[in-house]
Amino acid sequence: MTRPAARGGRASADRLARLLNLVPYLLARPGIEIAEAARDLGTTERQLREDLELLWVCGLPGYGPGDLIDMAFDGDRVTITYDAGIDRPLRLTPDEALALVVALRMLAETPGVANREAVERALAKIESAAGDLAGAPVEVRLPADTARVRELRAAVERGRALRITYYTAARDETTERTVDPLRMLMVAGRAYVEAWCRRAEAVRLFRADRIDAVTELAEPAVVPPQARPQDLSDGVFRPAPDLPLITLRIGRGERWITEYYPCERVEADGEQWLVSLRVTDLGWARRFVLGLGPEVTVIAPAELAEQVRAQAAAALDAYATPVDRAGPAPAGATQ
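Residues numbered from 1 in each chain as written. Predicted model: local features only at pLDDT ≥ 70, side-chain atom pairs only at ≥ 80, totals over all residues. Heavy atoms only, no water.

Participant: Explanation requested: the overall build of the protein chain in the structure shown.
Facilitator: Counting its regular elements, the protein chain contains nine helices and twelve strands. Look at the contacts in the protein chain between residues 6 or more apart in sequence, and 56% of them connect residues 24 or more apart. Accessible surface, the protein chain as shown: approximately 20,800 Å² in total, 53% of it carbon and sulfur. (Helix = DSSP H or I, 4+ residues; strand = E, 2+ residues; numbered from the N terminus. Contact = heavy atoms within 4.5 Å. Areas by Shrake-Rupley, 256 points an atom, 1.4 Å probe, with all protein chains shown as cover.)

Rendered as structure tokens:
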């Protein structure tokens, strides 16, 4: 049975295609009778009149007088008097068709695409319509499409439980976990496995490039009924009010932080900026700050500033301690 939403989506797509071809058709036949146009276009007079009413509010941005499509009626005859630039049926140029082919092939290779068959059908139609592009030497590979990603994708599609060795950057630790995969997905150019983690007893995201080892188990993946995929429309990291808030003073060279991480506050402080953002924990924040350049100062919290100061001092002390690389002198050697 076809779902109502699917029927509505198909009808909208058909109507859009009809409208795009209707204007150039009418331009070539000024004063044509509506009944004749309906027969030519394979639709009913009622549907054609509804399409013409919709054309009244279609046109160029601004949507004022002189922007919208205009037409004149003389009894049952219609004439387009202003086409708003839609003066020919929609046809893809070779460059446009190739761009669509590349985009669809990339989408087909993206982990987590729910309806890959629909993507492949659309790709086949465009390649068929474009003719020469069907055999175009275009191969699309995502930056994150490594052998590990392909291995994980195959395991997820087979519906098997996985045993993984995973590095957690926030805690700087590596753990062994058994997970029941829900799906694979791509977020901001990185591949992830979303799975029920038996150790955490919750749904977790595992970055593919941080999975050091993976073993596909013989048992099928069993996802508890309460497990639900996460909403990742705003990205993987969603700052919560209960997470630690840190404030940094950054120089010009570190302003990229405000584009890469979600910040709660950014304000100018002379030539520098004050930036506040939520972090998973202070351990991650300490390693993050230590990896930045000298133009970064921790303003708050004081605990983080002390941790950064202590670890930086320990690193400097290690460099200051001389190391005797020659080793002990042989017996009888002259010093």
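The discussion continues.
Participant: Would you explain the sheet that holds strand β6 (residues 190-197) in this entry?
Facilitator: Picture the strands of a sheet paired through backbone hydrogen bonds; they go either parallel or antiparallel. Read from one edge of the open sheet, five strands run β7-β6-β5-β4-β8, paired in antiparallel fashion. Two strands in the sheet have a free side with no partner beyond their single neighbour: β7 (202-207) and β8 (211-220). This sheet shows a mean twist of 45° between the axes of neighbouring strands, independent of strand direction. As judged from the seven bridges shared by strand β4 (residues 160-168) and strand β5 (residues 173-187), these two strands associate in the antiparallel manner. Note that in β5 the partner of Y167 across the bridge is T174. (Pairing = 2+ DSSP bridges. Axes fitted to C-alpha atoms, helices over the stretch in contact; angles between N-to-C directions.)

Participant: Hey, could you run me through the nonpolar core in this one?
Facilitator: The tendency in soluble globular proteins is for nonpolar side chains to be buried side by side. By size, the foremost hydrophobic cluster in this structure holds 19 residues, and its most contacted members are I246, L248, F288, V289, V298 and L304. Taken together, the elements giving at least two residues each to this core come down to β9 (245-250), β11 (272-278), α8 (282-290), β12 (296-300) and α9 (302-320). The element best represented in this core is α8, accounting for five residues. (Core = buried A, V, L, I, M, F, W, Y, C linked by side-chain atoms within 4.5 Å. Buried < 20%, exposed > 50% of the residue type's maximum accessible area, 1.4 Å probe, protein only.)

Participant: Any chance you could explain the side chain of T168 here in plain terms?
Facilitator: Position of T168 among the secondary structure elements: in strand β4. What makes T168 buried here is its relative accessible area of 11%. Excluding residues within four positions of it along the chain, T168 makes contact with E173 and R177.

Participant: Explanation requested: the confidence of the model for the protein chain in the structure shown.
Facilitator: Detailed reading of the predicted coordinates is not advisable wherever pLDDT falls low. Taken residue by residue, the protein chain gives an average pLDDT of 78. The fraction at 70 or more is 75%. Predicted confidence for residues 1-9 stays below pLDDT 50, and this span has one contact to residues more than four positions away or in other chains. (pLDDT = per-residue confidence, 0-100.)

Participant: I tried to follow the sheet that holds strand β2 (residues 70-74) on my own but got confused; where do I start?
Facilitator: Ordered in space as β1-β3-β2, the three strands form an open sheet in which the pairing is antiparallel. Of all the strands in the sheet, just β1 (32-33) and β2 have a single pairing partner and so form its edges. Pairing geometry for β2 and strand β3 (residues 77-82), over five bridges, is antiparallel. Bridge pairing links M71 to I80 in β3.

Participant: Explain a nonpolar patch on the surface here, please?
Facilitator: Nonpolar side chains collect at one region of the surface, where W56, V57 and F73 lie side by side and expose about 290 Å² of accessible area between them. Among the structural elements, V57 can be located in the loop between α3 (45-55) and β2. Overall, the relative accessible area of 55% leaves V57 in the exposed class. (Patch = residues over 30% accessible without salt bridge, like charges linked within 9 Å, V, L, I, M, F, W, Y side chains within 5 Å. Salt bridge = Lys/Arg side-chain N within 4 Å of Asp/Glu carboxyl O.)

Participant: Hey, could you run me through the side chain of E194 in this one?
Facilitator: Within the secondary structure, E194 is located in strand β6. Beyond its immediate stretch of four places on either side in the chain, E194 contacts P181, L182, R183, L185, V203, R204, L205, R228, P229 and Q230.

Participant: Would you mind showing me how to read the packing of aromatic side chains here?
Facilitator: Each aromatic ring pair is specified by the distance between its two centres and by the angle formed by the two planes. Counted under the stated rule, the structure contains two aromatic pairs. Measuring from ring centre to ring centre gives 5.0 Å for Y166 and F206, while their planes differ by 85°; the resulting arrangement is edge-to-face. Linking Y166 in strand β4 with F206 in strand β7, this pair joins segments that are 40 residues apart in sequence. Since its relative accessible area comes to 7%, Y166 is described here as buried. Both rings, one in W284 and one in F288, keep their centres 4.9 Å apart while their planes meet at 10°; by these two values the pair is stacked. (Phe/Tyr/Trp six-rings, centres within 6.5 Å; stacked < 30°, edge-to-face > 60°.)

Participant: How should the pattern of salt bridges be read in this particular structure?
Facilitator: In a structure, side chains of opposite charge can pair up when their charged atoms sit close to one another. A full pass over the atoms with the stated rule returns 13 salt bridges. The partner of R158 in a salt bridge is E216, with the nearest N and O atoms 2.8 Å apart. Of the two residues, R158 sits in helix α6 (residues 147-158) while E216 sits in strand β8, which places them 58 residues apart along the sequence. Residue E216 is classed as partly exposed on the basis of its relative accessible area, which comes to 33%. The shortest N-O distance in the salt bridge between R249 and D269 comes to 3.0 Å. Of this pair, R249 sits in strand β9 while D269 sits in strand β10 (residues 263-269), placing them 20 residues apart in sequence. Several salt bridges share partner residues, and in doing so they unite D180, R198 and E219 into one network.

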